[in-house]
Amino acid sequence: VNKTAAIVQGFSGVLAGTYTLSGYLKAVDVVSASHGASFEIVINGVNGIRIIYPQFVTGTSDTEINNGFIYLQKTFTLQEGETLNRITAGLYNASGTVYIDSLQLEEGETGNPINFISNSGFENVSGTSNIPKKFYSDGYQDSWSYKTYR
């Protein structure tokens, strides 16, 4: 059964310019005749919606390399009059399992390995509360869990 299942982040106020979306994905038994696991950039323009994918990944990624995580990057340009609608990551017209990690959207033509957010993978936790270090609880989350994938 092919389906689209993705995580989504909407945007507003992104100005015309050149941007790069980058991140990691790990595919497990992904099957599709036309698409696969990927990231998606959705742009609203004067002539309709424009959808951009870095590439599609099918099958199972090689766990001998970076525990199966593949780095994807796509540079795109927002023209005057266009707006960035949303960024998504997941399965597109596909079945299987996909893991997503470290998505970044930044201005410019190159994905940058430098991330100014401390503990952006949430892997370092403190004490018995398991709250990620460099972050705090707003009182709504009773417990945290983290699983190392990469």
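Residues numbered from 1 in each chain as written. Predicted model: local features only at pLDDT ≥ 70, side-chain atom pairs only at ≥ 80, totals over all residues. Heavy atoms only, no water.

1. Side note on the overall build of the protein chain
A tally of regular secondary structure across the protein chain gives 0 helices and 8 strands. Of the regular secondary structure in the protein chain, the N- to C-terminal order runs β-β-β-β-β-β-β-β. Looking at the protein chain as a whole, 31% of its 150 residues qualify as buried. Across the protein chain, the fraction of contacts at a sequence separation of at least 24, relative to all contacts at a separation of at least 6, is 73%. In the form shown here, the protein chain has an accessible surface area of approximately 9,300 Å², with 48% of it arising from carbon and sulfur atoms. (Helix = DSSP H or I, 4+ residues; strand = E, 2+ residues; numbered from the N terminus. Buried < 20%, exposed > 50% of the residue type's maximum accessible area, 1.4 Å probe, protein only. Contact = heavy atoms within 4.5 Å. Areas by Shrake-Rupley, 256 points an atom, 1.4 Å probe, with all protein chains shown as cover.)

2. Focus: the nonpolar core
Leu-25, Ile-41, Ile-43, Phe-76 and Leu-84 are the most contacted members of the largest nonpolar core, which totals 20 residues. Every element with two or more residues in this core is listed here: strand E2 (17-31), strand E3 (36-45), strand E5 (70-78) and strand E6 (83-107). Of the residues forming this core, the biggest block, 6 residues, is contributed by E6. Excluding residues within four positions of it along the chain, Phe-76 makes contact with Gly-17, Thr-18, Tyr-19, Leu-21, Ile-41, Ile-43, Ile-52, Leu-84 and Leu-105. (Core = buried A, V, L, I, M, F, W, Y, C linked by side-chain atoms within 4.5 Å.)

3. Considering unusual backbone geometry
With a phi angle near 55°, Asp-29 is a residue other than glycine that sits in the positive phi range. If you check the backbone angles, Asn-93 has positive phi at about 45° while not being a glycine. One can find Asn-93 in strand E6. Taking relative accessible area as the criterion, Asn-93 reaches 34% and is therefore assigned partly exposed.

4. Here we look at the packing of aromatic side chains
As enumerated under the stated definition, the model contains 4 aromatic pairs in all. On the basis of an interplanar angle of 45° and a centroid distance of 4.6 Å, the ring pair of Tyr-53 and Phe-56 is categorised as tilted. Residue classification places Phe-56 among the partly exposed positions, given a relative accessible area of 30%. Seen from the ring of Tyr-99, Lys-26 lies directly overhead, with NZ or CZ sitting 5.8 Å from the centre. (Phe/Tyr/Trp six-rings, centres within 6.5 Å; stacked < 30°, edge-to-face > 60°. Lys NZ or Arg CZ within 6 Å of the ring centre and 35° of its normal.)

5. Digging into the side chain of Glu-40
Tracing the backbone shows Glu-40 in strand E3. Of the polar contacts made by the side chain of Glu-40, one reaches the side chain of Tyr-53; its length is 3.0 Å. When residues no more than four places from it in sequence are discounted, the contact partners of Glu-40 are Ile-51, Ile-52, Tyr-53, Arg-86, Ile-87, Thr-88 and Tyr-92. (Polar contact = N/O pair within 3.5 Å; in protein donor to acceptor, adjacent residues only side chain to side chain.)

6. Structural notes on the pattern of salt bridges
The full count for this structure, using the stated rule, is 1 salt bridge. With a closest N to O distance of 2.8 Å, Glu-82 and Arg-50 form a salt bridge. Of this pair, Glu-82 sits in the loop between E5 and E6 while Arg-50 sits in strand E4 (residues 48-52); the two residues are 32 residues apart in sequence, bridging distant segments of the chain. For Glu-82, a relative accessible area of 16% corresponds to the buried category. For Arg-50, a relative accessible area of 32% gives the class partly exposed. (Salt bridge = Lys/Arg side-chain N within 4 Å of Asp/Glu carboxyl O.)

Fair warning: the whole summary comes from geometry, so function is off the table for now.
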